[in-house]
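If you want the building blocks of each chain, they are given just below.
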Amino acid sequence: MFPELPGWEPDTTGFTGAGIGSAAALEAYFMNFVATKMVDTTAPPAGDSKLPSGYVYFGQFIDHDLTLDTTPLSEAELDPNRLHNFRTPRLDLDCIYGQGPDAQPYLYDKTAPGCFRIGEIAGTPFKDLPRAAGQDTALIGDPRNDENAIVAQLHLAFLLAHNTLVKAAVKKGMSSRKAFEAARKTLRRLYQWIIWHDYMARICDPSVHKRALRKDRDAGNGRTFWELGYEDVYDWKNNPFMPLEFSVAAYRFGHSLVRNGYQTNFAKGVGVFTPTFKFNAEDLRGFRALHLDRVVQWDWFLRMSSSVRPTFPQVARKFDSVLANALRELPEDPDKPGDNTRILNVLAARNLVRGVRMQLPSAIEVAKLLDIPIINIAETEREALWYYILKEAEFDAQVEGSTLTVGGAGDRLGTLGSIIVAATFAGLLKGDPLSFFNLEPGWTPDKDELLDSVEADLVAAGKPGLNADEQVNGRKWGLPTIIRLSGLPVDAAPFRPAPVPVPEPVVEPAAPPTE
């Protein structure tokens with residue numbers, strides 16, 4: 001984004017392997033920084049945002065749809081411009097569709113042409129990702145979407161939502177091939193709509209979000225079009241690219257939102273938390289078959305009509321510079337998994353080191369370039385772009401003599417973070433010639449034939465519709481719509497034990513009269 005700005009490096013003098021540029025010193029510097037600046041010492045951990053926890057993992061799902069970089073970090077350090085994204089930098093759901101049913105037939109159901117394969121949890125009515133026979137390997141377009149149980153079930157929701165749309169298309173008389181294409185088009189467009197109108201509206205400063213991508217109409221011919229508001233921040237000549245300031249810094253804000261554990265479903269128990277990454281059989285780590293205890297009850301993770309308990313949906317941690325303890329005790333180090341003195345187990349330190357190695361510019365220099373007021377934090381905290389964006393989100397700051405809000409007050413990104421994230425998403429959506437923002441800029445979910453057909457079927461069956469749930473700012477067609485389309489469990493009903501039938505009383509026949 002800002003190639004004219006030099007990469008920032010901290011002064012690591014005094015740390016092991018002392019000297020600027022020393023790999024060992026850099027790691028030691030940031031391990032110390034994390035231990036003194038980014039550890040939550042309160043018990044219980046302090047601070048909640050207003051963001052339902054399901055959106056944290058939706059953000060991870062989106063990230064996997066956008067990026068897949070296989071360049072070794074050692075090579076990237078030599079020249080960050082050599083990084084390659086081996087996935088289309090488009091919001092097109094290629095993480096679920098892969099290369100399509102012809103090139104990757106193992107993703108699809110032979111018995112239901114046009115539909116994805118779906119797995120099951122043995123002995124239960126619940127679904128799982130399809131898995132290889134006798135193994136835990138998920139047969140999906142992006143294996144990373146099986147890395148934890150929550151994002152895995154979001155992937156599953158999109159598979160099932162596609163299948164629902166295929167069935168609606170077949171019902172209209174389409175061939176299986178045309179039904180597949182129609183379902184994919186509708187789901188991609190709904191996904192893009194949700195990203196911009198629901199997810200981005202929740203995480204970004206409202207004024208930044210409003211400016212980043214604006215819907216307008218040509219006064220001369222009445223044609224609708226979408227216009228970018230931050231072309232000076234994110235621009236491209238031929239095709240959109242993945243900015244390092246976004247992928248290595250700003251979009252990693254989601255790491256601060258992860259909780260140490262979650263209540264998963266009614267069968268597991270209200271008030272019983274499943275640890276996120278505890279390195280044991282009960283945690284939410286993935287790459288294994290789903291178990292009943294880890295099945296997500298979605299009204300506990302998204303605001304849905306049945307989220308009636310005051311503690312539901314569970315919300316994300318605050319947007320701030322402190323990460324859950326689970327993310328500094330990861331099982332990544334092969335010799336000492338969970339040991340927080342090993343950098344491989346400490347996510348924050350890895351993020352900070354990566355930012356330096358990828359030559360990210362100083363946060364202060366970026367803020368000056370964009371003419372954004374600089375938040376008042378310690379000198380040692382002002383340079384690392386990822387950390388600064390987290391601190392900015394934590395602040396509830398007003399610019400002196402103005403009503404402009406710089407910080408996010410712990411509920412969203414601040415100004416700098418919002419601009420980088422919103423400009424990137426807006427640019428990717430507008431830069432994709434196949435997005436509905438370009439192909440059919442007047443499209444809305446309300447006008448979609450397949451969504452209308454599914455809605456009619458749900459209403460006829462006496463079930464809640466696709467928009468039965470509260471959305472941000474009263475809008476319809478948010479992330480809960482995907483869950484409704486999928487048919488995944490929304491409330492406690494599927495988790496309650498089946499009632500034990502009461503046998504009818506046995507009536508003995510009357511004895512014959514005696515003489």
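Residues numbered from 1 in each chain as written. Predicted model: local features only at pLDDT ≥ 70, side-chain atom pairs only at ≥ 80, totals over all residues. Heavy atoms only, no water.

Trainee: Report on the overall build of the protein chain, specifying residues and quantitative values.
Mentor: The helix and strand inventory of the protein chain stands at 15 helices and 8 strands. Since a compact globule built from 515 residues should have a radius of gyration of about 24 Å, the 25 Å found for the protein chain is in line with a globular shape. Expressed along its principal axes, the backbone C-alpha trace of the protein chain runs to roughly 115 × 65 × 50 Å. Every one of the 515 residues in the protein chain was classed for burial, and the buried ones make up 53%. Sequence separation of at least 24 residues holds for 64% of the intrachain contacts in the protein chain that already meet a minimum separation of 6. Of the accessible surface of the protein chain, which amounts to about 23,500 Å², a share of 52% is contributed by carbon and sulfur atoms. Across the protein chain, 55 positive and 66 negative side-chain charges occur, with their mean positions spaced 3 Å apart. (Helix = DSSP H or I, 4+ residues; strand = E, 2+ residues; numbered from the N terminus. Rg over C-alpha atoms; globule rule 2.2 N^0.38 Å. Buried < 20%, exposed > 50% of the residue type's maximum accessible area, 1.4 Å probe, protein only. Contact = heavy atoms within 4.5 Å. Areas by Shrake-Rupley, 256 points an atom, 1.4 Å probe, with all protein chains shown as cover. Lys, Arg positive; Asp, Glu negative; His and termini not counted. Charge placed at Lys NZ, Arg CZ, Asp CG, Glu CD.)

Trainee: Hey, could you go over the pairing of strand S4 (residues 213–217) for me, with residue numbers and the actual values?
Mentor: Across 5 bridges, the pairing between S4 and strand S5 (residues 224–228) is antiparallel. Note that in S5 the partner of Arg214 across the bridge is Glu227. Counting the residues that bridge the hairpin from S4 to S5 gives 6 residues, and of these Gly222 lies at a positive phi of roughly 75°. (Pairing = 2+ DSSP bridges.)

Trainee: Mind laying out the nonpolar core, listing which residues take part and the relevant values?
Mentor: Ranked by internal contacts, the top residues of the largest apolar core, which has 153 residues, are Phe58 and Phe425. Tallying contributions element by element places helix H5 (residues 149–171) first for this core, with 15 residues. With near-sequence residues (within four places) excluded, Phe425 lies in contact with Ile62, Leu66, Leu91, Ile195, Trp196, Met200, Phe246 and Tyr251. (Core = buried A, V, L, I, M, F, W, Y, C linked by side-chain atoms within 4.5 Å.)

Trainee: Describe helix H11 (residues 385–394), listing the residues and the values that go with them.
Mentor: Judged by how many residues are buried, H11 sits mostly within the fold: 9 of 10 residues are covered. When H11 is considered as a whole, its buried residues turn out to be Leu385, Trp386, Tyr387, Tyr388, Ile389, Leu390, Lys391, Glu392 and Ala393. Buried-residue contacts for H11 involve helix H1 (23–37), helix H8 (244–249), helix H9 (347–357), helix H10 (363–369) and helix H12 (415–431).

Trainee: Mind laying out the confidence of the model for the protein chain, listing which residues take part and the relevant values?
Mentor: Taken over all residues, the pLDDT of the protein chain has a mean of 90, while the share at 70 or more is 90%. Across residues 69–79, confidence stays below pLDDT 50; counting only partners more than four residues off in sequence or on other chains, it has 18 contacts. (pLDDT = per-residue confidence, 0-100.)

Trainee: Would you mind going over the packing of aromatic side chains in detail, with residue names and values included?
Mentor: Each aromatic ring pair is summarised here by two numbers: the centre-to-centre distance and the angle between the ring planes. Tallying each qualifying case throughout the model produces 32 aromatic pairs. Measuring from centroid to centroid gives 6.3 Å for Phe30 and Phe33, while their planes differ by 80°, and the two rings are edge-to-face. Remark: Phe33 and Phe30 occur in helix H1; sequence separation between them is 3 residues, near one turn of the helix. Comparing Phe30 with Phe33 shows no difference in burial state: the two are buried. With 4.8 Å between their ring centres and 20° between their planes, Tyr108 and Phe116 make a pair best called stacked. (Phe/Tyr/Trp six-rings, centres within 6.5 Å; stacked < 30°, edge-to-face > 60°.)

Trainee: Could you give an account of the side chain of Lys268, with specific residues and numbers?
Mentor: Among the structural elements, Lys268 can be located in the loop between strand S6 (261–263) and strand S7 (273–275). Classification of Lys268 by relative accessible area gives buried; the value is 18%. Beyond its immediate chain neighbours, meaning those up to four positions away, Lys268 contacts Thr274, Glu282 and Asp293.

Trainee: Go over unusual backbone geometry with me, naming the residues and quoting the values.
Mentor: For the bond running from Phe312 to Pro313, omega is 0°, close enough to zero to count as cis. In this structure, Pro313 sits in the loop between S7 and strand S8 (315–317). Positive phi outside glycine occurs at Ala409, with the angle close to 55°. Within the secondary structure, Ala409 sits in the loop between H11 and H12. Phi at Trp477 takes a positive value of approximately 60°, unusual for a residue other than glycine. Within the secondary structure, Trp477 sits in the loop between helix H14 (449–460) and helix H15 (479–486).

Trainee: So what about H1? Which residues, and what values?
Mentor: Look at H1: 21 Å from first C-alpha to last across 15 residues, which is about the 21 Å you get at 1.5 Å a residue. Along H1, the residues that are buried comprise Ala25, Leu26, Tyr29, Phe30, Met31, Phe33 and Val34. Each element contacted by the buried residues of H1 is listed here: H9 and H11. (Expected span 1.5 Å × (residues − 1).)

Trainee: Please give an account of the side chain of Asp469 that cites residues and values.
Mentor: Position of Asp469 relative to the elements: it lies in the loop between H14 and H15. A polar contact of 2.7 Å, which involves the side chain of Asp469, links it to the side chain of Arg484. With sequence-adjacent residues up to four places away left out, Asp469 is seen in contact with Arg303, Met304, Ser305, Pro480 and Arg484. (Polar contact = N/O pair within 3.5 Å; in protein donor to acceptor, adjacent residues only side chain to side chain.)

Trainee: Could you give an account of the packing of H5 against helix H6 (residues 176–203), naming the residues involved and the relevant values?
Mentor: Put simply, H5 and H6 touch, their axes get as near as 8 Å, and they point 130° apart. As summarised for this structure, H5 and H6 are arranged oblique, according to the angle between their axes. You can see that H5 and H6 cross each other, and the crossing is right-handed. On H6, the residues touching Phe158, Ala161, His162, Leu165, Val166, Ala169 and Val170 of H5 are Ala179, Phe180, Ala183, Arg184, Thr186, Leu187 and Tyr191. For the contact of H5 with H6, the per-class residue count stands at 11 nonpolar, 2 polar and 1 charged. (Axes fitted to C-alpha atoms, helices over the stretch in contact; angles between N-to-C directions. Parallel < 35°, antiparallel > 145°, perpendicular 65-115°, else oblique. Left-handed = near helix turned anticlockwise from the far one by under 90°. Nonpolar A, V, L, I, M, F, W, Y, C, P; charged D, E, K, R; others polar.)

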